[in-house]
Amino acid sequence: QIQLVESGGGLVQAGGSLRLSCVSSGGIFSLNAMGWYRQAPGKQRELVAGISNAGSINYAESVKGRFTISRDNAKSTIYLQMNSLKPEDTAVYYCKSRRITVSGTSTDFWGQGTQVTVSS
């Protein structure tokens, strides 16, 4: 059904910027809630930023003021603009799509991730 492909990761110096992209195929993109998550070695996967089908946005406290999530429904794509990057932002970043049924159940779809490494 839904497939997600992330891109834009790489190596960057502290204080630099990166822009991640996630292209979705299958399903009705505009109806799905989307999000960016990250996972560093030895740590739990955590929410970085989420955006609903209606455009509501939430961020992890650690990235507020530095990261911006957006979506382009015409291109079935979400973005994560990351500015003022810190070494602690180093992680594999994953794109997630969530489909919620009328009954209230949900199904999550994940991309394979893109590595972001921030040097000090």
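Our structure is the block above this text.
Residue positions are given per chain, counted from 1 along the sequence in the order it is written. Reporting in this predicted model follows two pLDDT cut-offs: at least 70 for local features of residues, and 80 or more for side-chain atom pairs to be given and counted; totals over whole chains, interfaces and linings ignore these cut-offs and use all residues. Based on all heavy atoms of the structure, the side-chain values leave hydrogens and waters out of the count.

### Quick notes on the state of the cysteines
Pairs of cysteine sulfur atoms within 2.5 Å are identified as disulfides in what follows. As enumerated under the stated definition, the model contains one disulfide in all. There is a disulfide in this structure between Cys 22 and Cys 95, and the S-S distance comes to 2.0 Å. The disulfide joining Cys 22 to Cys 95 has a torsion of about -80° about its S-S bond and is therefore left-handed. Of this pair, Cys 22 sits in strand β3 (residues 18–25) while Cys 95 is found in strand β9 (residues 91–100), placing the two residues 73 residues apart along the sequence. Here a strand is any run of E in DSSP of at least two residues, a helix any run of H or I of at least four, and the numbering for each starts at the N terminus.

### As for the nonpolar core
Each nonpolar core is a collection of buried residues, namely Ala, Val, Leu, Ile, Met, Phe, Trp, Tyr and Cys, held together in the definition by side-chain atoms within 4.5 Å. Exposed residues in this analysis have more than 50% of their type's maximum accessible area, buried residues have under 20%, and partly exposed residues fall in between, with area computed by a 1.4 Å probe over protein chains only. With 27 residues, the main nonpolar core has Trp 36, Val 48, Phe 67, Leu 80, Met 82 and Tyr 93 as its most contacted residues. Here, two residues are considered to be in contact whenever any of their heavy atoms come within 4.5 Å of each other. Excluding residues within four positions of it along the chain, Phe 67 makes contact with Arg 38, Val 48, Tyr 59, Leu 80, Gln 81, Met 82, Asn 83, Leu 85, Asp 89 and Tyr 93.

### What about the sheet that holds strand β8 (residues 77–82)?
By definition, two strands form a pair when at least two bridges between them are found by DSSP. The antiparallel open sheet is built from four strands, whose spatial order is β1-β3-β8-β7. Across the chains shown, the open sheet's two edge strands, defined by having one partner strand only, are β1 (3–7) and β7 (67–72). Sheet twist, expressed as the average angle between the axes of neighbouring strands with direction ignored, equals 15°. By the bridge criterion, five bridges tie β1 to β3 in an arrangement that is antiparallel. Across the sheet, the residue bridging to Gln 3 is Ser 25, located in β3. Here the axes come from fitting lines to C-alpha atoms, over the contacting stretch only for helices, and the angles between their N-to-C directions go from 0 to 180 degrees.

### Comments concerning the side chain of Thr 114
Tracing the backbone through its elements, the reader meets Thr 114 in strand β11 (residues 114–119). Assessed through its relative accessible area of 10%, Thr 114 is described here as buried. We define a polar contact as two N or O atoms separated by no more than 3.5 Å, with the added condition that, inside protein, one atom must be a possible hydrogen donor and the other a possible acceptor, whereas residues neighbouring each other in sequence contribute only through side-chain atom pairs. From its side chain, Thr 114 meets the backbone nitrogen of Gly 9 in a polar contact 3.2 Å long. In this structure Thr 114 touches Glu 6, Ser 7, Gly 8, Gly 9, Leu 20, Ala 91, Val 92 and Tyr 93, once residues within four positions along its chain are discounted.

### Quick look at the packing of aromatic side chains
The rule is short: rings of Phe, Tyr and Trp, with Trp giving its six-membered ring, pair when the centres are within 6.5 Å, and they are stacked under 30 degrees, edge-to-face over 60, tilted in between. In this structure the tally under the stated criterion is two aromatic pairs. Summarising the aromatic geometry, the rings of Tyr 37 and Trp 110 are spaced 5.0 Å apart at their centres and angled 65° between planes, so their arrangement reads as edge-to-face. Taken together, the residues Tyr 37 in strand β4 (residues 33–39) and Trp 110 in strand β10 (residues 106–110) connect sequence positions 73 residues apart. Residue Tyr 37 is classed as buried on the basis of its relative accessible area of 15%. When the ring of Tyr 94 is compared with that of Trp 110, the centres are 6.5 Å apart and the planes differ by 85°; the resulting orientation is edge-to-face.

### A short note on the pairing of β7
Where burial is concerned, the two faces of β7 differ: the one with Phe 67, Ile 69 and Arg 71 is buried and the one with Thr 68, Ser 70 and Asp 72 is not. Direction of pairing for β7 relative to β8: antiparallel, over a ladder of six bridges. In the strand pairing of β8, Ser 70 is matched with Tyr 79. Where β7 hands over to β8, the hairpin turn is made up of four residues, of which Ser 76 adopts a positive phi near 50°.

Purely spatial values, then, with no claim about function.
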